[in-house]
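Residue-level structure breakdown
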Amino acid sequence: EDQVTQSPEALRLQEGESSSLNCSYTVSGLRGLFWYRQDPGKGPEFLFTLYSAGEEKEKERLKATLTKKESFLHITAPKPEDSATYLCAVQARGNTGKLIFGQGTTLQVKP
Amino acid sequence: SAVISQKPSRDICQRGTSLTIQCQVDSQVTMMFWYRQQPGQSLTLIATANQGSEATYESGFVIDKFPISRPNLTFSTLTVSNMSPEDSSIYLCSGWENGNTIYFGEGSWLTVV
């Protein structure tokens, strides 16, 4: 069964304190791994899609990496505005477009 | 990037009634989907909205409870029928653009009383 597990569930950082969020997955053939940011009361905002092991993508203070079993979302020198829930989802091979989501990591960055 | 609009954004509904949520995408997308996010939970796929034909439902979701239409490439509706308090959730529309990025709308927050 395809499954996604994110850790930690919650993370508190001081402004400027870098850290990483983990997304472990099992899927019957990976088509893509997606990272989203979700603010309270809003829909998920697309951040990255990774397709193969070794791939990396960056956007401002965020960098996503992918291995055959897990993905990391590295946050460098975070700011309070980075506070949100970060969701990881996998899409299996095939043309269904279906995403299987993890439970998310809620990040709080204190000034 | 595709922009996905949902209406209503929020509603309070009476037990036993039905509500239809509309989803409009500003560009043609390959596929459209409906997800549910229960309070404090992550997203679960309800169904794939197929253009001009019946939606494809995931295990645990049935057409009588969640009828879906998709009359064209940019518009879909989800109806939540005969609502109970357990249906209080965020309902999210998403679109798969050109086989690459999957975008989400802002969600429709339903509270059933």
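The structure contained in this document is the topic of the report that follows. Keep in mind that what you see is a predicted model, and the values were worked out from it rather than measured.

1. Focus on the sheet that holds strand 6 (residues 56-59) of chain A
As a general point, the strands of a sheet are linked pairwise by backbone hydrogen bonds and lie either parallel or antiparallel. All names here are of chain A. Across the sheet, which stays open at both edges, the five strands sit in the order 1-3-8-7-6 with antiparallel pairing between neighbours. With partners counted over all chains shown, the strands left at the sheet margins are strand 1 (3-7) and strand 6, one partner each. Mean inter-strand twist for the sheet, computed between neighbouring axes without regard to direction, equals 15°. Strand direction decides the pairing type here: strand 3 (residues 19-26) and strand 8 (residues 70-75), joined by six bridges, are antiparallel. Bridge pairing in strand 8 places serine 19 opposite isoleucine 75.

2. A word on the packing of aromatic side chains
In total, this model carries 10 aromatic pairs over all chains according to the counting rule given. A centroid spacing of 6.0 Å and a plane angle of 40° characterise the contact between Tyr36(A) and Phe101(A), whose relative ring orientation is tilted. Here Tyr36(A) is found in strand 4 (residues 30-38), whereas its partner Phe101(A) is found in strand 10 (residues 100-101), with 65 residues between them in sequence. A single burial state applies to Tyr36(A) and to Phe101(A), both of which are buried. Seen from their ring centres, Phe46(A) and Tyr103(B) are 5.9 Å apart, and the 65° between their planes marks the pair as edge-to-face. Of this pair, Phe46(A) sits in strand 5 (residues 45-50) while Tyr103(B) sits in strand 10 (residues 102-104), each in a different chain. Here Phe46(A) and Tyr103(B) have matching classes, each one buried. Chaining the aromatic ring pairs together yields one cluster made of Phe34(A), Tyr36(A), Phe46(A), Phe101(A), Tyr35(B), Tyr103(B) and Phe104(B).

3. Section: the interface of chain A and chain B
Listed by partner, the interface residues are 20 residues for chain A and 21 residues for chain B. Both sides of the chain A and chain B interface together cover about 1,600 Å² of buried area, and 53% of this is carbon and sulfur. Sorting the residues of chain A by area buried against chain B places Pro44(A), Lys98(A) and Phe101(A) first, and these three jointly supply 24% of that buried surface. Between chain A and chain B we count one salt bridge in total. With a closest N to O distance of 2.7 Å, Glu58(B) and Lys98(A) form a salt bridge. Summed over the shared surface of chain A and chain B, the result is six residue pairs in polar contact (both at pLDDT 80 or more). Examining the composition of the side of chain A that touches chain B, we find that four residues originate from one element, strand 4 of chain A, more than from any other. Among the residues making up the side of chain A that touches chain B, the classes are represented as eight nonpolar, nine polar and three charged.

4. Examining the pattern of salt bridges
Any two side chains of opposite charge can pair, on the condition that their charged atoms come close. Residues and elements named next belong to chain A. Enumeration over the complete set of coordinates arrives at six salt bridges over all chains. Residue aspartate 82 is joined to arginine 61 by a salt bridge in which the shortest nitrogen-to-oxygen separation is 2.8 Å. With a gap of 21 residues between them, aspartate 82 in the loop between strand 8 and strand 9 (84-92) and arginine 61 in the loop between strand 6 and strand 7 (62-66) connect regions that are remote in the sequence.

Cut-offs applied
Residues numbered from 1 in each chain as written. Chains lettered and ligands numbered in written order. Predicted model: local features only at pLDDT ≥ 70, side-chain atom pairs only at ≥ 80, totals over all residues. Heavy atoms only, no water. Pairing = 2+ DSSP bridges. Helix = DSSP H or I, 4+ residues; strand = E, 2+ residues; numbered from the N terminus. Axes fitted to C-alpha atoms, helices over the stretch in contact; angles between N-to-C directions. Phe/Tyr/Trp six-rings, centres within 6.5 Å; stacked < 30°, edge-to-face > 60°. Buried < 20%, exposed > 50% of the residue type's maximum accessible area, 1.4 Å probe, protein only. Contact = heavy atoms within 4.5 Å. Buried area = accessible area lost by both parts, 1.4 Å probe. Salt bridge = Lys/Arg side-chain N within 4 Å of Asp/Glu carboxyl O. Polar contact = N/O pair within 3.5 Å; in protein donor to acceptor, adjacent residues only side chain to side chain. Nonpolar A, V, L, I, M, F, W, Y, C, P; charged D, E, K, R; others polar.

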